[in-house]
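# Structural description and commentary
The residues making up each chain are set out below.
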Amino acid sequence: MKLAIAHLGSVSYVVFGRYYTREIPKLDKEQPDAYEERTWRNKLHTTKDGFVMIPPLMLKNCTCIGAKRCNMKIPGQRNATYTKNFLSGILCLDPIVLPIHKDDVQRLDLLVPSNGVRGGGTRVWKIFPVIPEWGGEATFHILDEIITEDVFRYVIEQSGAFVGIGAMRVGNGGIAGRFKLNKLEWA
């Protein structure tokens, strides 16, 4: 097993859109706009003490989608690609905890489709937490020996440029969540 510590830095802001409506019920006779105004910070992923974090599963999924997008062939294995090796052969267990408390996060008010589907008919105002600049260290456990440092570096760079993290990320047609690889430590 190898460790890859990826030092990531933002290229574009990150938007959070965690689903939380089962956790926080509406108050009696509370209108949807009032509910959104009261609860929008709950779209963040946070630590127990209220600091914003980027969950490890978000980082792993971004990297796996990036590997699929790269479609890199494994040398000497005909048409096999690294996709399945990234899906089952890497782990990211720790979040990136950002030095910003949920109470200090900026908001982004957007008119979005009410059903959540792009091009939907009716629109409603929603508030999204947004962090303009972010960064940190993501530690990946590389379990599959076929994933080399060069392959991992290329995939994480492509993931940051073309997949991104968070809501409205570039991989889903948005403009948010892009990041760059500032440094990679391989042990």
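For the structure itself, look to the data block above.
Residues numbered from 1 in each chain as written. Predicted model: local features only at pLDDT ≥ 70, side-chain atom pairs only at ≥ 80, totals over all residues. Heavy atoms only, no water.

Here we take up the overall build of the protein. Across its full length, the protein carries 4 helices and 9 strands. Listing every helix and strand of the protein by position from the N terminus yields β-β-α-β-α-α-β-β-β-β-β-α-β. Dimensions of the protein along its principal axes, counting C-alpha atoms only, are 65 × 40 × 25 Å. Within the protein, the fraction of its 187 residues that count as buried is 42%. The contacts in the protein between residues at least 6 apart in sequence include a share of 71% that link residues at least 24 apart. By element, 53% of the accessible surface of the protein is carried by carbon and sulfur atoms, the whole surface being about 10,500 Å². (Helix = DSSP H or I, 4+ residues; strand = E, 2+ residues; numbered from the N terminus. Buried < 20%, exposed > 50% of the residue type's maximum accessible area, 1.4 Å probe, protein only. Contact = heavy atoms within 4.5 Å. Areas by Shrake-Rupley, 256 points an atom, 1.4 Å probe, with all protein chains shown as cover.)

This next bit is on the packing of aromatic side chains. Scanning all chains against the criterion turns up 5 aromatic pairs. Measuring from centroid to centroid gives 6.2 Å for Tyr 20 and Tyr 35, while their planes differ by 15 degrees, and the two rings are stacked. Taken together, the residues Tyr 20 in the loop between β2 (14-15) and α1 (32-39) and Tyr 35 in helix α1 connect sequence positions 15 residues apart. Across the pair, Tyr 35 and Tyr 20 agree in class, each one buried. With centroids separated by 6.2 Å and ring planes inclined at 10 degrees, the aromatic side chains of Phe 86 and Phe 152 adopt a geometry described as stacked. Of this pair, Phe 86 sits in helix α3 (residues 83-89) while Phe 152 sits in helix α4 (residues 149-162); the two residues are 66 residues apart in sequence, bridging distant segments of the chain. Each member of the pair, Phe 86 together with Phe 152, is buried. Chaining the aromatic ring pairs together yields one cluster made of Phe 86, Phe 140, Phe 152 and Trp 186. The side chain of Lys 43 reaches across the aromatic face of Phe 128, ending 4.4 Å from its centre. (Phe/Tyr/Trp six-rings, centres within 6.5 Å; stacked < 30°, edge-to-face > 60°. Lys NZ or Arg CZ within 6 Å of the ring centre and 35° of its normal.)

Now for the sheet that holds strand β8 (residues 135-142). Ordered in space as β4-β8-β1-β9, the 4 strands form an open sheet in which the pairing is antiparallel. The strands lining the two open edges of the sheet, one partner per strand, are β4 (90-92) and β9 (179-186). Pairwise comparison of adjacent strand axes, ignoring direction, gives a mean angle of 30 degrees for this sheet. Docked against the sheet, helix α2 (residues 56-70) engages β1 (2-10), β4, β8 and β9, running at close to 150 degrees with respect to β4. Of the strands in this sheet, β1, β8 and β9 touch α4, which is tilted by about 160 degrees from β9. (Pairing = 2+ DSSP bridges. Axes fitted to C-alpha atoms, helices over the stretch in contact; angles between N-to-C directions.)

This next bit is on unusual backbone geometry. The phi dihedral of Asn 71 falls on the positive side, at around 55 degrees, and the residue is not glycine. Even without a glycine there, the phi angle at Met 168 is positive, about 60 degrees. The class of Met 168 is partly exposed, set by a relative accessible area of 31%.

Core analysis: the largest hydrophobic core is formed by 37 residues, its most contacted members being Leu 8, Ile 54, Phe 86, Phe 140 and Phe 152. Secondary-structure elements contributing two or more residues to this core are β1, β3 (51-54), α2, β4, β5 (96-101), β8, α4 and β9. Residue contributions to this core peak at 5 residues, all from α2. Here Phe 140 is in contact with Lys 2, Leu 3, Ala 4, Ala 6, Leu 59, Lys 60, Thr 63, Ile 90, Leu 91, Cys 92, Phe 152 and Ile 156, once residues within four sequence places are set aside. Listed in part, the 6 residues of the second largest apolar core include Val 15, Phe 128, Val 130 and Ala 176. (Core = buried A, V, L, I, M, F, W, Y, C linked by side-chain atoms within 4.5 Å.)

Attention shifts here to the layout of surface pockets. One number sums up the size of the largest pocket: a volume of about 890 Å³. Residue lining of the largest pocket: 33 residues in total, with Val 112, Pro 113, Gly 116, Lys 126 and Phe 128 positioned closest to the centre. Elements that contribute at least two residues to the lining of the largest pocket include exactly α1, β6 (106-113) and β7 (123-131). Looking at the lining of the largest pocket, the element that brings in the most residues is β7, giving 5 residues. Along the lines of polarity and charge, the residues of the lining of the largest pocket split into 14 nonpolar, 10 polar and 9 charged. (1 Å grid on protein atoms, 1.4 Å probe; cavity = no way out; pocket = protein on both sides within 12 Å on 5 of 7 lines; lining within 4 Å. Points joined across faces, edges and corners; volume = space filled by probe spheres on them. Nonpolar A, V, L, I, M, F, W, Y, C, P; charged D, E, K, R; others polar.)

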